[in-house]
Amino acid sequence: MLAAVPALILVAVASVQVWRWHYEPVSAWRGGGFGMYATVNDQRGRRVFLFALDGQQWQKMELPKSLSGLSDTLMLHPSREDLRAYGQAAACSAELPQTLGRFTALKVEYRELTFDPGRFTVTNTLKDSVRLDRCP
């Protein structure tokens with residue numbers, strides 16, 4: 001019975017880490033447990049891009065500086081809900097450039113660096129994307 005104690009402790013620690021991953025803003029590199037040893041992706045390898053649909057063409061936009069706190073949170077522990085919230089805040093931001101004219105939609109993309117063991121390279125991979133209408 002005493003030999004099972006270390007295994008039970010490891011299962012308890014792993015269960016807490018899985019719970020924290022789903023319900024708290026942690027990443028593999030910040031409070032997420034042993035995952036930092038299994039990934040090349042830290043916060044510096046994560047990027048958020050904002051695009052505006054002007055006619056038939058997507059144009060890349062600068063991220064609004066007023067939303068830097070939201071983008072930091074998004075890059076720490078990205079989720080579809082966070083992408084949508086960031087896109088809605090950007091769509092209603094007063095910082096959107098007027099040079100784009102009358103854009104009809106926004107798209108927020110989340111990309112991160114991933115390791116491809118087959119080619120032994122690090123690539124910039126699209127992980128999630130959300131499309132939103134203009135702010136009313």
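The structure under discussion appears in the preceding block.
Each chain has its residues counted from 1, running along the sequence as written. Per-residue local features are limited, in this predicted model, to residues with pLDDT of at least 70; the limit for side-chain atom pairs, both in listing and counting, is 80 or more; totals at the level of whole chains, interfaces and linings are taken over all residues. Water and hydrogen atoms play no part in the side-chain values, which are based on all heavy atoms of the structure.

Visitor: What should I look at first to understand the overall build of the chain in this one?
Guide: The helix and strand inventory of the chain stands at 3 helices and 4 strands. What counts as a helix is a DSSP run of H or I of at least four residues, what counts as a strand is a run of E of at least two, and both are numbered from the N terminus. Reading the helices (α) and strands (β) of the chain from amino to carboxyl end gives α-β-β-α-α-β-β. We call a residue buried when its accessible area falls under 20% of the maximum for its residue type, exposed when it is over 50%, and partly exposed in between, using a 1.4 Å probe and counting protein chains only. Relative to its full complement of 136 residues, the chain shows a buried share of 31%. Here the Shrake-Rupley method, with its probe set to 1.4 Å, supplies the accessible areas, and only the displayed protein chains count as covering residues. Total accessible area on the chain is roughly 9,100 Å²; 60% of this is exposed by carbon and sulfur atoms.

Visitor: Looking at this structure, I do not really get the packing of helix H2 (residues 68-76) against helix H3 (residues 80-91). What am I missing?
Guide: Any two packed helices are characterised by how steeply their axes cross, that is the angle between the axes, and by the distance between the axes. As a packed pair, H2 and H3 sit with axes 10 Å apart at the nearest point and diverge in direction by 165 degrees. Comparing their axes, H3 and H2 come out roughly antiparallel. Here H2 and H3 pass one another in a crossing that is left-handed. Every residue of H3 that contacts H2 at Leu-70, Ser-71 and Leu-74 is listed here: Asp-82, Leu-83, Tyr-86 and Ala-89. Gly counts as polar in this scheme, as do all residues outside two lists: the nonpolar Ala, Val, Leu, Ile, Met, Phe, Trp, Tyr, Cys and Pro, and the charged Asp, Glu, Lys and Arg. Grouping the constituent residues of the contact of H2 with H3 by class yields 5 nonpolar, 1 polar and 1 charged. Fitting a line to C-alpha atoms yields each axis, with helices limited to the stretch in contact; the angle taken between N-to-C directions then spans 0 to 180 degrees. Angle categories: roughly parallel below 35 degrees, roughly antiparallel above 145, roughly perpendicular from 65 to 115, and oblique for all the rest. Should the near helix be turned counterclockwise from the far one by less than a right angle, the crossing is left-handed, whereas a clockwise turn marks it as right-handed. The contact criterion used throughout is that any non-hydrogen atoms of two residues lie within 4.5 Å.

Visitor: Would you take a moment to explain the sheet that holds strand S4 (residues 121-133) for this structure?
Guide: Think of a sheet as strands paired side by side through backbone hydrogen bonds, with each pair either parallel or antiparallel. Paired strands, in this sense, are two strands between which DSSP finds at least two bridges. Spatially, 4 strands are ordered S2-S1-S3-S4 in an open sheet, and the strand pairing comes out antiparallel. Each edge of the open sheet carries a strand with a single partner, namely strand S2 (57-61) and S4. Between one strand axis and the next, the sheet turns by 30 degrees as a mean value, whatever way the strands run. Where strand S1 (residues 46-54) and strand S3 (residues 105-116) come together, 8 bridges link them in antiparallel fashion. Its bridge partner lying in S3, Leu-53 is registered against Ala-105. Sheet strands in contact with H3 are S1, S3 and S4, and its direction is about 60 degrees off that of S4.

Visitor: Sorry, what's going on with unusual backbone geometry here?
Guide: Across the chain, the bulk of peptide bonds are trans and the bulk of non-glycine residues have phi less than zero. With phi around 55 degrees, Phe-120 is a residue other than glycine that occupies positive phi space. Here Phe-120 shows up in the loop between S3 and S4. On the basis of relative accessible area, Phe-120 is assigned to the exposed category, the value being 66%.

Visitor: Which parts of the structure should I look at to understand the pairing of S3?
Guide: Successive side chains on a regular strand alternate, one facing one side of the sheet and the next facing the other. The sheet contact formed by S3 and S4 spans 12 bridges and is antiparallel. Looking at S4, one finds that Arg-111 is bridged to Leu-126.

Visitor: Even after reading the chapter, I still don't get the packing of aromatic side chains, so can you show me in this structure?
Guide: Between two aromatic rings, the relevant description is the distance of the centres plus the angle of the planes. Only centres within 6.5 Å qualify two rings of Phe, Tyr or Trp (six-membered ring in Trp) as a pair; their planes then separate them into stacked at under 30 degrees, edge-to-face at over 60, and tilted for everything else. Inspection of every chain in the model, using the stated rule, returns 0 aromatic pairs. Counting as a charge over the ring demands two things of the Lys NZ or Arg CZ atom: a distance within 6 Å of the ring centre and an angle within 35 degrees of the ring normal. The ring of Phe-51 carries the charged tip of Lys-107 above its face, separated from the ring centre by 5.3 Å. A cation over an aromatic ring shows up here: Lys-107 above the ring of Trp-58, its NZ or CZ 4.7 Å from the ring centre.

Visitor: Can you help me understand the side chain of Asp-128 in this one?
Guide: Counting through the fold element by element, Asp-128 comes out in strand S4. Counting of polar contacts relies on pairs of N or O atoms within 3.5 Å, with two restrictions inside protein: one atom must be capable of donating a hydrogen and the other of accepting it, and residues adjacent in sequence are counted only when both atoms are side-chain atoms. Within the local environment of Asp-128, its side chain forms a polar contact with the side chain of Arg-80, the two groups lying 2.7 Å apart. Sequence-distant contacts of Asp-128, that is, excluding residues within four places in its chain, are made with Arg-80, Leu-83, Val-108, Glu-109 and Tyr-110.

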